Each structure stands twice: as C-alpha cells, then as structure tokens.
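Survey of secondary and tertiary structure
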Amino acid sequence: MRSHLLNDTTAEQYRRSVTDGVERVAAKLAATKRPFTGVTVDALVPRIERIDLDAPLHDTAAVLDELEEVYLRDAVYFHHPRYLAHLNCPVVIPAVLGEAVLSAVNSSLDTWDQSAGGTLIERRLIDWTTARIGLGPAADGVFTSGGTQSNLQALLLAREDSKTESLADLRIFASEVSHFSVKKSAKLLGLGPDAVVSVPVDRDKRMQTVALARELERCRKDGLVPMAVVATAGTTDFGSIDPLPGIAELCGQYDTWLHVDAAYGCGLLASLRYRDRIEGIERADSVTVDYHKSFFQPVSSSAVLVRDASTLRHATYHAEYLNPRRMVTERIPNQVDKSLQTTRRFDALKLWMTLRVMGADGIGELFDEVCELAAEGFGLLAADPRFDVVVEPTLSTLVFRYIPAAVTDPAEIDRANLYARGALFASGDAVVAGTKVGGRHYLKFTLLNPETTTADITAVLDLIAGHAEQYLGESLDRAS
Ligand SMILES: *Cc1c(COP(=O)(O)O)cnc(C)c1O
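Here is a short report on the structure shown in this document.

Parameters at a glance
Residues numbered from 1 in each chain as written. Predicted model: local features only at pLDDT ≥ 70, side-chain atom pairs only at ≥ 80, totals over all residues. Heavy atoms only, no water. Core = buried A, V, L, I, M, F, W, Y, C linked by side-chain atoms within 4.5 Å. Buried < 20%, exposed > 50% of the residue type's maximum accessible area, 1.4 Å probe, protein only. Domains from an automatic or database assignment. Contact = heavy atoms within 4.5 Å. Helix = DSSP H or I, 4+ residues; strand = E, 2+ residues; numbered from the N terminus. Pairing = 2+ DSSP bridges. Right-handed = clockwise from strand over helix to strand, strands pointing away. Near = heavy atom within 4 Å. Polar contact = N/O pair within 3.5 Å; in protein donor to acceptor, adjacent residues only side chain to side chain. Phe/Tyr/Trp six-rings, centres within 6.5 Å; stacked < 30°, edge-to-face > 60°. Lys NZ or Arg CZ within 6 Å of the ring centre and 35° of its normal.

Time to look at the nonpolar core. Leu212, Val260, Val287 and Phe367 are the most contacted members of the largest nonpolar core, which has 62 residues in total. Structurally, this core is a two-domain feature, drawing no fewer than three residues from each of domain 1 (107–350) and domain 2 (361–479). Every residue in contact with Phe367, bar those within four places of it in the chain, is listed here: Tyr264, Gly267, Leu268, Ser294, Phe296, Leu395 and Leu448. Among the nonpolar cores identified, the runner-up in size contains 26 residues, and Val432, Leu461, Ala465 and Ala468 belong to it.

Glancing now at the pairing of strand β6 (residues 257–262). Along any regular strand, the residues point their side chains to alternate faces of the sheet. The buried fraction of β6 is high, at 6 of 6 residues. Of the two faces of β6, the one holding Trp257, His259 and Asp261 and the one holding Leu258, Val260 and Ala262 are both buried throughout. Looking at chain direction, strand β5 (residues 225–232) and β6 are connected through 5 bridges and run parallel. Within β6, the position partnered with Ala228 by the bridge is Trp257. For the crossover that starts at β5, traverses helix α9 (residues 244–253) and ends in the parallel β6, the hand is right-handed.

What follows concerns the site of the ligand. Taken together, 15 residues are adjacent to the ligand, and Gly147, Thr148, Asp261, Asp290 and Lys293 come closest. Note that an oxygen atom of the ligand is positioned 2.8 Å from one of the backbone N or O atoms of Gly147. The separation between a nitrogen atom of the ligand and a polar side-chain atom of Asp261 is 2.6 Å. For the shell around the ligand, the elements supplying multiple residues, two or more each, are α6 (147–161) and α10 (291–294).

This part is about the environment of Pro81. Assignment of secondary structure puts Pro81 in the loop between α3 (60–72) and β1 (83–84). Once residues lying within four places of it in the same chain are set aside, the contact partners of Pro81 are Asn449, Glu451, Thr452 and Asp456.

Before going further, it helps to examine the packing of aromatic side chains. Aromatic ring pairs are defined here through the distance separating the ring centres and the angle between the ring planes. Inspection of every chain in the model, using the stated rule, returns 9 aromatic pairs. Ring centres 4.7 Å apart and planes at 40° place the aromatic pair Phe78 and Tyr83 in the tilted group. Between Tyr291 and Phe295 the ring centres are 5.2 Å apart and the planes differ by 85°, which places this aromatic pair in the edge-to-face class. Accessibility assignment for this pair places Tyr291 and Phe295 in one class, buried. One aromatic cluster is present, built from ring pairs that chain together Trp128, Phe143, Tyr291 and Phe295. Residue placement shows Arg401 over the ring face of Tyr442; its charged tip is 5.2 Å from the ring centre.

Shown next as structure tokens:
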C-alpha cells in the first residue's frame, strides 16, 4: 500500500497515474458534443450506489473506467460553448497546471513553516489585486474559499469595526438583488433577523442611492447603527453594478463601512476596455473578488481585500501549536493570522501561473470578449418578438423570457419558460439558468465562455422557443 503514497520512491507511479487521468479528461474534452448528457438523478443514483466502497479495485485504470460511468460521461461541462447557466467559467490551462502542482506539493497556507514561498506568492497576488483596485498603501487581504466566505469575513470586520455592544442594533444595507450570502453572513454573525435592509434598485437593477440615503437616515433616526453598506459590483443575476461613487459618498457621510462585492465584476480589474465600469471600487473598506468566476480559474479561488490591513486583526487568534504571539514580533508571516480558515489550499498558485503565462491582459481580453458577446446577445433578444429581455448587460448575463404571441396568462407563460429550461437540460443540448423578476419566471444566460458565439446564442434561443411552444401546444391539447 506504500506504493500509493506520493514520495521520492513513487515518482514514476505518480507520473503514470496522473498522466492516465489527464489523458481521460483530454479525450473527454475532445469528444464532448454537448455540455451535458441529460442524465437523470434516477439513472445515476443506482450506478453510484452499487459501488462497494469497501472493495477497492487496486487498479487505477479500472477505477478510471468506473469513473467514466459514474461521473465523467455525464458531468456538466463548463468548457462547452452551450453551457450558459451559472457563474462558472471555462478554465485556463496555466491555472489547471497550477492546480496539479499545488495539490501534489500540498502546501498549507496557514503558516510560514507549512508553505514558505507559497505564503509570499499569495502575498504578492494580494498586493497585485489591491493595487489593481486602488485600495492604497495600507491594504491587505487573504485568499478564501469563495465569495461567500469573503463576504462573511468582510462583514465580520465591519461588525468588529462598528464597536457596538448590541448586535440587534446593527444594520447592513444591500440592494434587493444582492447575493444571498449577505443575509447568511448576518445570521452567522449573530445579528438580528432585520439586520439586512433591502434597498430598492432602479430599472437597470442598480441600487438607488436616493433610497439608500433614506434608509441610512431612518437608521440613524431610529437610534440604530449602520454597520455596513454592501455595494454589488456585478449582481449575480443581471451583472449590474451599483453606483459605487455615490454609495461611497454616503458611507463617508454616515461613517459606515463600505464593502464592495465584486465576486463577479472583478474581471473588470483586468479589462482592457471596461475598467471604468467599476470606478469607485477604490473607495471601499473591503472588497470580495472571485477569481473562479471572471478570471477563468478553477474552483476555488477567491479573496477578500481590505483598505486597512490592521482590520484583519479581528480574525487573529494565537495558538502555541501553530502561530504563537512571539512570531508576530519575529516577523514570521503566518497567513492564518488573517484568515477564517486554518489549513488552507494554495489556490493563489493558479492565479500566479496564469499571470506569469498569459498576463493580466490575457485574462482581461477574455472577459471583455464575453461582455461584448452579451451586448450582441442583448441586441438579438431585443429584436426578437418571441422574447422579453430585462436589462442591457453591463457584464455578461442576459435575463429574458419567452413570450408566446397567443398566450397572455402570465402563469402559463411562467410554466412554459420553466418547462423549456427543464426540457433543454434534459436534452443536454444546452444548459441555461433561471431566476425570478417581479415574481415571474425568467431564463438566464451567464456568458463566461469566449468560445460561445452569437450563432450559439441564436441556436439556443430557437431551442428554448421550440420547447416552450411544444409545452403550450400540449397544454392546449390538455385543455380541449
Ligand atoms: C457568486 C457570488 C457570491 C458567492 O461566491 P461563491 O464563490 O459562490 O461563494 C457572492 N456575491 C456575488 C455577487 C456572487 O455572484
């Protein structure tokens, strides 16, 4: 069994094993004609259930054959140009190489004595990111598992910064289309059930600063404490960017922490053409970025950045077995002092490899392409009488719904759109997402694949219309 441990004597075994796995995936990439096979839960459950986990095969090739059956054949493939659903990107090769290296070396980024250069690489990338944002010389941050964790940590710092005794008095202001992790964070941070004040958005799904001003004023009048404003730079559904300069102004006025959730919009930090769309982000106290959304990085790769490094002390705890206090005076760089996690992946290496091979412009170019594709897609949808499209995209999502000429009942239109999404998924021809707008069901394209073309968009729209029409036709038959 020792032959399975990765060490000096098993280098050849490691090389063969990983190469076999890479071969399978490479063959798969070349062969996938659709983003999904349409496999059902019922079909997949028994295939996985019947595997006896206490009866190992002792043969990597056989296990890879089995993996084909239980996973690879029916996985959802984000690299396919007709995967248009969630905020998942195709990944760049330098990052995947980084992933292979980091898991084999297996550095843990909690302490210097578990990572050495890894810690310094992560720190360089944090500095690189804060410089791109423009957070100033005192900025810092740390890699996290994702935007959810980044938002939680940012709000923890804001809570501590508010120096308030009564958690029930704290209020967080976020737009009605902000990410649900804001509410989850409030709960985890022990705030009251009314802690998150939902601020209305304008027609373009951007937070209304007038409404924010009103809510902040109300908060003050009620003797409550405005703990933080969460501005979203790229809402999950619409890609809309809240008016950052106006919000920053209000945060200054009310002495409130400004957190910018740029989990999605952070791709603009590398953009060659659209960087100005996130102007004002440099005024944040903290920022969430998800490299695994718009920097074409594999899951997970994310960071929380702060304007004032000293605020990270709220996440600092010392333990004799890990990071004793004396190490601070000895200037030993222990990233655990800044993180909610302890043992932590060296995700930063993926971004490092990406920047060293492709450069930031390479990433920015890819993100600009998908933003432009979304603009073209908007043109197609707006000109197509079969569809109603919600907002002109600032980033790369399109929210729309099929509206049949002959049907006016909104509930029936809802059902037709839901059916079309399900039928499309079951066919595996394309994968699209869905959401609700004004209480009605809509469909969503999240365009993060520069390989997707307007021809793909047109084809998928036709497929959606076809499925919806089929549903409505059968619905008529049922009625008569
Ligand atoms: C995706 C997203 C998050 C959560 O990020 P995860 O990496 O999925 O945890 C937070 N905020 C916004 C705006 C997002 O789009």
